[in-house]
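# Survey of secondary and tertiary structure
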Amino acid sequence: MKPILTVSNLSKDFTKPLDLIAKLLNKVGQDNKEEVVHAVDDVSFAVQRGEIVGIVGESGCGKSTLGRMVAGILSPTSGSVEFDAEQTKASDLPQALQTQMIFQDPFSSLNPRKRVIDIITEAPIFHGLIARKQKNEFAAEMLQRVGLDPDTLQRYPHQFSGGQRQRIGIARALAVSPELLVCDESIAALDVSIQAQIINLFVRLRDEFTLTYLFISHDIGVIEHISDRVIVMYLGRIVETAPISSFLQTPNHPYTKALLAGVPRLEVGKREYEPVSGEIPSPLDPPTGCHFHPRCPFASERCQREAPVLRELSAGHFSACHLNDEAQP
């Protein structure tokens, strides 16, 4: 089946231009250069309709930047994001509406000057999806879908708890009947008990409305619970992608193994936690070859000079590691 979302060779650089002093110093012989952050580096993947794809990695690996490019908030430096209208229920809607984003912080992602009814109905009214006279009924229905009392329509965001605010953000995203939801650390700011409620809400809404999710998180425990497939990123690149069963049972990349080894397990007794050695390299000056080689216990000279490519190990399971090449007969 043709995927609903195709990301091809997507890259994003952020450039900090030289200030006036640096430009003047360059005129007298210094060699100051613009700083370039390579946030996302040549990323490609596809998402099938109804699938929940988890994107996991350390802070600063580029997963949020990737999500914002998929949602159309950021424009890529190179590459493309293609949304297949033939695979959607509402292909007559603009593509900008078919992909919606749910942000990490429910405190800052809602306009504090607007009432809940206006937060939810602003976009559908503007795009002509509903008439203004349907405003109250429509907003009440959206709140019921996400488990909130319709009687709270006239309240402001500060009158809700964090979990309730996140539900309002979900209702706002659902209000334009999207096909794909990009969830950027959308439960990270919530208490653990509330996180479980929001995760269950996401799963219920997926089944109810045949939604597709790109679920971004640094918490592998959450990714394990909700995802059908996992993408592991490190310093802007995909290092491994696999169905959730393969990801948990047969992880391949040394970085993926290190991440899984750090997840607390009830069935595991007392043990000494061993973090990944070394410091995360700066995206201003990433290592040559494999970005992970300065922290990898299996790194060789080849890893320092040559970037590995994603190799298919089994059905749907890809990993970018030179050890896989050496294991071939």
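Residues numbered from 1 in each chain as written. Predicted model: local features only at pLDDT ≥ 70, side-chain atom pairs only at ≥ 80, totals over all residues. Heavy atoms only, no water.

## Observations regarding helix H4 (residues 116–126)
Where we set the bar: Burial status follows relative accessibility: with a 1.4 Å probe on protein chains alone, a residue under 20% of its type maximum counts as buried, one over 50% as exposed, and anything between as partly exposed. Each helix is a run of DSSP H or I of at least 4 residues and each strand a run of E of at least 2, with the numbering of both proceeding from the N terminus. Only heavy atoms matter for contacts: two residues are in contact if any of them lie within 4.5 Å across the pair.
When H4 is considered as a whole, its buried residues turn out to be Val 116, Ile 117, Ile 119, Ile 120, Thr 121, Pro 124 and Ile 125. Next to the buried residues of H4 lie helix H5 (135–145) and helix H6 (162–174). Positive backbone phi, approximately 75°, marks Gly 128, located one or two places after H4.

## Regarding the confidence of the model for the chain
Short version of the rule: Note: pLDDT gives the predictor's confidence per residue, expressed from 0 to 100.
Confidence in the prediction for the chain averages 87 pLDDT; 91% of positions are at 70 or higher. The low-confidence segment residues 87–91, where pLDDT is below 50, has 17 contacts with residues more than four positions distant or belonging to other chains.

## What to know about the nonpolar core
Selection criterion: For our purposes a nonpolar core is just a set of buried Ala, Val, Leu, Ile, Met, Phe, Trp, Tyr and Cys residues, chained together by side-chain atoms within 4.5 Å.
Counting residues in hydrophobic clusters, the biggest one holds 58 residues, and the most contacted among them are Ile 120, Ile 170 and Phe 202. If you tally residues by element for this core, the top one is helix H7 (residues 192–209), at 6 residues. If we ignore the near neighbours within four places in the chain, the residues touching Ile 170 are Ile 102, Val 146, Ile 198, Leu 201, Phe 202 and Leu 205. Formed by 25 residues, the second largest nonpolar core is a distinct cluster that contains Leu 5, Val 47, Leu 66 and Val 182.

## Some points on a nonpolar patch on the surface
To keep it simple, the criterion reads: Patch definition: residues above 30% relative accessible area lacking any salt bridge, with like charges linked at up to 9 Å and the nonpolar side chains Val, Leu, Ile, Met, Phe, Trp and Tyr linked at up to 5 Å. Computed with the Shrake-Rupley method and a 1.4 Å probe, the accessible areas treat only the protein chains shown as cover for residues. A pair is scored as a salt bridge if a Lys or Arg side-chain nitrogen falls within 4 Å of a carboxyl oxygen belonging to Asp or Glu.
Together, Ile 21, Leu 25 and Val 28 make up an exposed nonpolar region whose accessible area comes to about 300 Å². With respect to the helices, strands and loops of the structure, Val 28 is situated in the loop between helix H1 (20–27) and strand S2 (35–47).

## Description of the sheet that holds S2
Let me state the cut-off plainly: Pairing between two strands requires that DSSP report at least two bridges joining them. The convention used is that axes are lines fitted to C-alpha atoms, helices contributing only their stretch in contact, and that angles between N-to-C directions extend from 0 to 180 degrees.
A sheet is described by the order of its strands in space; here 3 strands give the open sequence S2-S1-S4, paired in antiparallel fashion. A strand with exactly one partner marks an edge of an open sheet, and here the two such strands are S2 and strand S4 (78–83). On average, adjacent strands in this sheet sit at an angle of 25° to one another, irrespective of strand direction. Relative to S2, strand S1 (residues 5–16) is paired through 9 bridges, and the arrangement is antiparallel. Its bridge partner lying in S2, Leu 5 is registered against Val 47.

## As for H5
All of the buried residues in H5 are Lys 135, Phe 138, Ala 139, Ala 140, Met 142 and Leu 143. Contacts from the buried residues of H5 go to H4 and H6. Immediately downstream of H5, the backbone of Gly 147 shows phi near 80°, a positive value.

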